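One letter stands for each residue in the lines below.
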Amino acid sequence: MPHDLQAVSRQFQIAGKFTEAVPYGTGHINDTYAVRFRTLGGTVRYIFQRVNHNIFRDVPRLMENIGRVTAHVRGKLAGVPGSDPDRETLTVIPSRDGAPFHRDPNGNFWRAYIFIEGARTFDIVESPAQAYEAAKAFGGFQKQLMDLSGPRLHETIPDFHHTPKRFAKLEQAIAKDVKNRAAKVKREIDFALAHKAMTGTLIDLLAKGELPERVTHNDTKINNVMLDDKTGRGVCVIDLDTVMPGLVLYDFGDQIRTTTFTGSEDEEDLGKVQFKLDLFEALIRGYLDAARDFLTPREVEFLAFSGKLITFEIGIRFLTDYLDGDVYFKTHKPDHNMYRSRVQFERVRLIEEQDEAAARIVAKYR
Ligand code: ADP
Ligand code: GN1
Ligand code: MG
């Protein structure tokens, strides 16, 4: 393990004796550890994370966002009988000097959260019921944040879902081709170039005032929501680094991308990638059960499209990173980002085939 978690953990206000730390989860950005402490009452776990400060350039502001968002959600839960705020929102553990993070001598930023026990995340959903619960939880999270007061949240990554700017970055990467990889992904590049026209769809509607800016999560992949081991219900929306002003459609779209397909995000055998309308239907039902009363007609109109757009956006981000030499997403094998981009483009193609069926499902539940 490249980091001394015992030393890091001493910097936080945690009672008990450090016993072990293990790398945890499958996130592509931060370094996450489950850290166990022995206390008089038994063992207690915490999540420790080294925040990737190459990607999140202003961690203190990012943690300020998370502090505001979790305090707001906690306030909402206080009015809900039977709710458990320590499980239903992230709880930031303060450092010894009372800050929401600790900066180590190497310049790394560390934070600690209460470990949400009795619940887990999934990289691939196993049933429509899980899709329903996950979507309801993400919709509920947006709803909880609709009346967040105070100044606009900081943009932790500027233009995070500005798809046309993402496309421009791809064009630059193709032109530079620093690793001489463009030839190997010619088909993916051709696919991307052929889809340029749709990149501005949502951003343009936002600019025209036809879609509202709201507080959104911006990284609603299925493994960023925890489902209860016993009831299967959505317990807690996690990974709050990108909670900032945005469009609800990018949130819903990323749920389509990560919840309605068989096969993993980096599957090498594209034959295993299938779009499942029963999962899509469950997702729509779950999301609308939480969000129906606040969505505008224009937002509802673009729900089915949102999946295609963000799946394309993530596809071009993987492809860009492949061409750039794998500098952004963690990779675990050669050509990993190439395989990831292929799967996203296959997903886009499959959504296109089912455009009308998907629209009919939205119409049924709106
Ligand atoms: P990344 O930004 O790298 O994706 P995440 O914040 O999503 O990092 O954390 C990675 C994984 O760690 C999650 O998918 C989840 O399984 C687990 N995890 C994160 N926070 C908690 C928590 N408070 N309690 C339990 N598990 C957690
Ligand atoms: C990253 O952090 P993680 O693994 O939940 C990425 C998302 C991508 C996703 C693709 C901050 O999410 O935008 O959609 O990988 N997060 C950031 O799997 O870039
Ligand atoms: Mg995550």
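Computed from a prediction, not measured in an experiment: that's the story for all the values here. (Residues numbered from 1 in each chain as written. Chains lettered and ligands numbered in written order. Predicted model: local features only at pLDDT ≥ 70, side-chain atom pairs only at ≥ 80, totals over all residues. Heavy atoms only, no water.)

Participant: Just give me the short version of the site of ligand 2, but keep the residues and values in it.
Facilitator: By nearness alone, 17 residues border ligand 2, and His-28, Lys-221, Glu-265, Arg-317 and Tyr-328 come closest of all. Residue Asp-219 places a side-chain N or O atom 3.1 Å away from an oxygen atom belonging to ligand 2. Contact between ligand 2 and Arg-317: an oxygen atom at 2.8 Å from a side-chain N or O atom of the residue. Protein contacts shield 97% of the accessible area of ligand 2, which totals 440 Å² for the unbound molecule. Here the element with the most residues in the shell around ligand 2 is helix H11 (residues 303-324); it accounts for three residues. Class assignment for the residues of the shell around ligand 2 results in seven nonpolar, four polar and six charged. Both domains that furnish three or more residues to the shell around ligand 2 are identified here as domain 1 (5-117) and domain 2 (128-365). (Near = heavy atom within 4 Å. Polar contact = N/O pair within 3.5 Å; in protein donor to acceptor, adjacent residues only side chain to side chain. Areas by Shrake-Rupley, 256 points an atom, 1.4 Å probe, with all protein chains shown as cover. Helix = DSSP H or I, 4+ residues; strand = E, 2+ residues; numbered from the N terminus. Nonpolar A, V, L, I, M, F, W, Y, C, P; charged D, E, K, R; others polar. Domains from an automatic or database assignment.)

Participant: Hey, could you go over the domain arrangement of the protein for me, with residue numbers and the actual values?
Facilitator: You'll often see interface size given as the accessible area lost when the parts meet. The domains assigned to the protein are domain 1 (5-117) and domain 2 (128-365). When each unit is reduced to the centre of its C-alpha atoms, the spacing between domain 1 and domain 2 is 26 Å. Between domain 1 and domain 2, a total of about 2,600 Å² is buried, with carbon and sulfur atoms accounting for 58% of that surface. Where domain 1 packs against domain 2, one counts four salt bridges. With a closest N to O distance of 2.9 Å, Asp-31 and Lys-330 form a salt bridge. The tally of links between domain 1 and domain 2 comes to 16 residue pairs in polar contact (both at pLDDT 80 or more). Contributing elements (two or more residues each) for the side of domain 1 that touches domain 2: helix H2 (59-78) and helix H3 (85-88). (Buried area = accessible area lost by both parts, 1.4 Å probe. Salt bridge = Lys/Arg side-chain N within 4 Å of Asp/Glu carboxyl O.)

Participant: Explain the site of ligand 1 to me, using residue names and the numbers behind them.
Facilitator: In the vicinity of ligand 1, 19 residues are found, and the nearest of them are Gln-49, Ile-116, Thr-121, Asn-223 and Asp-239. At a separation of 3.5 Å, an oxygen atom of ligand 1 approaches a polar backbone atom of Ile-29. A distance of 2.8 Å separates an oxygen atom of ligand 1 from a polar atom in the side chain of Gln-49. Summarising the interface, the protein chains cover 96% of the accessible area of ligand 1, which totals 550 Å² for the free molecule. In the shell around ligand 1, the residues fall into nine nonpolar, nine polar and one charged.

Participant: Which residues make up the coordination of the magnesium ion (ligand 3), and what values do they have?
Facilitator: The coordination sphere of the magnesium ion (ligand 3) contains the protein donors Asn-224 (OD1) and Asp-239 (OD), at a distance range of 2.2 Å. Here Asn-224 is found in the loop between strand E8 (214-216) and strand E9 (225-228), whereas its partner Asp-239 is found in the loop between strand E10 (234-237) and strand E11 (244-246), with 15 residues between them in sequence. Residue class for Asn-224 comes out buried when judged on its relative accessible area of 5%. Taking the relative accessible area as the measure of exposure, Asp-239 reaches 25% and is therefore partly exposed. (Donors = N, O, S within 2.8 Å, 3.2 Å for Na, K, Ca; no water. Buried < 20%, exposed > 50% of the residue type's maximum accessible area, 1.4 Å probe, protein only.)

Participant: I'd love a proper account of the pattern of salt bridges, names of residues and values included.
Facilitator: The full count for this structure, using the stated rule, is 31 salt bridges. Here the salt bridges do not stand alone but share partners, grouping Asp-31, Arg-50 and Lys-330 into one network.

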